[in-house]
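# Fold and contact review
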Amino acid sequence: MTAVREISRNQAFGGQQLRLQHASETLQCEMTFGVFLPPKTQTSPVPVLYWLSGLTCNDENFAQKAGAQRLASELGIAVVCPDTSPRGTDLPGEHDSWDFGSGAGFYLNATQPHWAGHYNMYDYVSKELPAIVEANLPVTDQRSVSGHSMGGHGALMCALKDPDRYCSVSAFAPICHPSETPWGIKAFSHYLGEDRNSWREWDATQLVGCVDRQLPILIDQGTDDEFLGEELKPGSLEQACICTHHPLEVRMQEGYDHSYFFIASFINDHLRYHARALGLLK
């Protein structure tokens with residue numbers, strides 16, 4: 001069993017907000033993650049919502065800014081927040097720009113030799129981390145997944161590539177068609193190489209027609225999001241889902257931007273959405 005070390009613990013709404021660290025075999029470095037444990041875990045294990053954060057974030061942003069603990073406590077759902085990239089590897093070029101490398105792992109498995117030893121965030125968030133969480137904490141193997149921006153892209157990847165592992169998926173302002181956006185092209189060309197055929201398996205718009213099981217998708221998107229047109233492209237995903245009859249709800253939220261004010265405004269809707277899928281609400 002992988003050893004998990006406690007960094008900090010704070011009481012919140014009758015539960016515990018923890019920050020934990022462990023040695024990751026998948027990423028070949030030390031990794032830190034946050035977890036909120038509702039008070040119900042004192043008597044029985046609970047299901048887990050995995051939250052994947054966006055560019056420049058780490059394991060603390062959601063816990064400190066989203067305001068999810070109050071309702072998660074009432075619903076009896078744990079919330080796990082991994083970091084957004086490997087840390088401490090100090091590869092050449094890793095820290096050169098804010099939208100690539102450190103803080104920007106894009107939740108894929110890199111294939112290019114320079115990055116492949118560490119940048120395997122998909123395997124980390126979908127396999128290694130859940131195994132560690134379920135072995136060390138009072139949770140069940142019932143999982144849902146959500147995320148924001150790059151993390152929304154990651155949540156979609158988890159649900160589309162391995163839908164049997166999750167009960168539900170949602171996202172806030174996800175990068176829906178990264179093969180055709182500046183952020184995605186920059187990340188994919190470095191992590192995966194220049195062969196765009198290899199990018200298809202990490203692009204939600206291109207994956208929806210290839211899934212064995214269609215897990216319904218809920219997306220909230222702000223109309224005043226500064227990245228909406230060039231980087232996020234929810235319309236591309238909508239069109240692909242129409243063509244493949246994949247269940248998708250995109251809620252365009254008038255006047256909202258890309259910030260955590262937007263996430264905090266609608267996080268309770270998403271928590272209830274996942275709670276219903278996890279059997280915690282009717």
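To start, this report covers the structure provided alongside it. (Residues numbered from 1 in each chain as written. Predicted model: local features only at pLDDT ≥ 70, side-chain atom pairs only at ≥ 80, totals over all residues. Heavy atoms only, no water.)

### Digging into the overall build of the chain
Helix and strand counts for the chain stand at 10 helices and 9 strands. By the compact-globule yardstick of 19 Å for 282 residues, the chain fits well, its C-alpha radius of gyration being 18 Å. Dimensions of the chain, computed from C-alpha atoms along their principal axes, come out at roughly 50 × 40 × 35 Å. Relative to its 282 residues, the chain shows a buried fraction of 57%. Pairs at least 24 residues apart make up 71% of the contacts formed inside the chain by residues separated by at least 6 positions. (Helix = DSSP H or I, 4+ residues; strand = E, 2+ residues; numbered from the N terminus. Rg over C-alpha atoms; globule rule 2.2 N^0.38 Å. Buried < 20%, exposed > 50% of the residue type's maximum accessible area, 1.4 Å probe, protein only. Contact = heavy atoms within 4.5 Å.)

### What about the nonpolar core?
Counting residues in each nonpolar core, the largest one holds 87 residues, and the members touching the most others are Phe33, Trp51, Phe62, Phe106 and Tyr191. When residues no more than four places from it in sequence are discounted, the contact partners of Trp51 are Phe62, Val79, Val80, Cys81, Pro82, Ser146, Gly147, His148, Phe172, Tyr260, Ile263 and Ile267. (Core = buried A, V, L, I, M, F, W, Y, C linked by side-chain atoms within 4.5 Å.)

### A closer look at the packing of aromatic side chains
Tallied over the full model, the rule gives 16 aromatic pairs. Measuring from ring centre to ring centre gives 4.7 Å for Phe100 and Tyr191, while their planes differ by 35°; the resulting arrangement is tilted. Taken together, the positions of Phe100 in the loop between strand 5 (78-82) and helix 3 (113-116) and Tyr191 in helix 6 (residues 182-191) put the pair 91 residues apart, joining distant regions of the chain. Note on Trp115 and Tyr119: the rings are 5.4 Å apart at their centroids and 90° apart in plane angle, and the pair reads as edge-to-face. Each member of the pair, Trp115 together with Tyr119, is buried. Across from the ring centre of Tyr122, 5.6 Å away, lies the NZ or CZ of Lys161, which sits over that ring. (Phe/Tyr/Trp six-rings, centres within 6.5 Å; stacked < 30°, edge-to-face > 60°. Lys NZ or Arg CZ within 6 Å of the ring centre and 35° of its normal.)

### Observations regarding the side chain of His148
You can see His148 is positioned in the loop between strand 6 (139-147) and helix 5 (150-161). Discounting residues that sit within four places of it in the chain, His148 has contacts with Trp51, Leu52, Ser53, Gly54, Phe172, Ala173, His258, Tyr260 and Ile263.

### Side note on the environment of Lys282
One can find Lys282 in the segment after helix 10 (260-277). You can call Lys282 exposed: its relative accessible area is 99%. When the C-alpha atoms of Lys282 and Arg272 are compared, they prove to be 9.7 Å apart, with 10 residues separating the residues in sequence.

### Focus: empty space enclosed by the protein
For the structure shown, the criterion picks out 1 cavity of 30 Å³ or more. The computed volume of the largest cavity comes to approximately 50 Å³. Of all the elements in the fold, those that place two or more residues in the lining of the largest cavity are strand 3 (29-37), helix 1 (61-65), helix 2 (69-75) and strand 5. (1 Å grid on protein atoms, 1.4 Å probe; cavity = no way out; pocket = protein on both sides within 12 Å on 5 of 7 lines; lining within 4 Å. Points joined across faces, edges and corners; volume = space filled by probe spheres on them.)

### Some points on a negative patch on the surface
Where like charges cluster on the molecular surface, the negative patch consists of Asp224, Glu226, Glu254 and Asp257. Mapped onto the elements, Asp257 comes out in the loop between strand 9 (248-253) and helix 10. (Patch = residues over 30% accessible without salt bridge, like charges linked within 9 Å, V, L, I, M, F, W, Y side chains within 5 Å. Areas by Shrake-Rupley, 256 points an atom, 1.4 Å probe, with all protein chains shown as cover. Salt bridge = Lys/Arg side-chain N within 4 Å of Asp/Glu carboxyl O. Lys, Arg positive; Asp, Glu negative; His and termini not counted. Charge placed at Lys NZ, Arg CZ, Asp CG, Glu CD.)

### A closer look at the pattern of salt bridges
Taken as a whole and judged by the stated rule, the model has 13 salt bridges. Here Arg143 ties to Glu134 by a salt bridge, and the two come within 2.7 Å at their closest N and O atoms. Between Asp164 and Arg213 there is a salt bridge whose closest N-O contact spans 3.7 Å. Of the two residues, Asp164 is situated in the loop between helix 5 and strand 7 (169-172) and Arg213 in the loop between helix 7 (204-207) and strand 8 (217-222); the sequence distance between them amounts to 49 residues.

That's the geometry; what it means functionally is another story.
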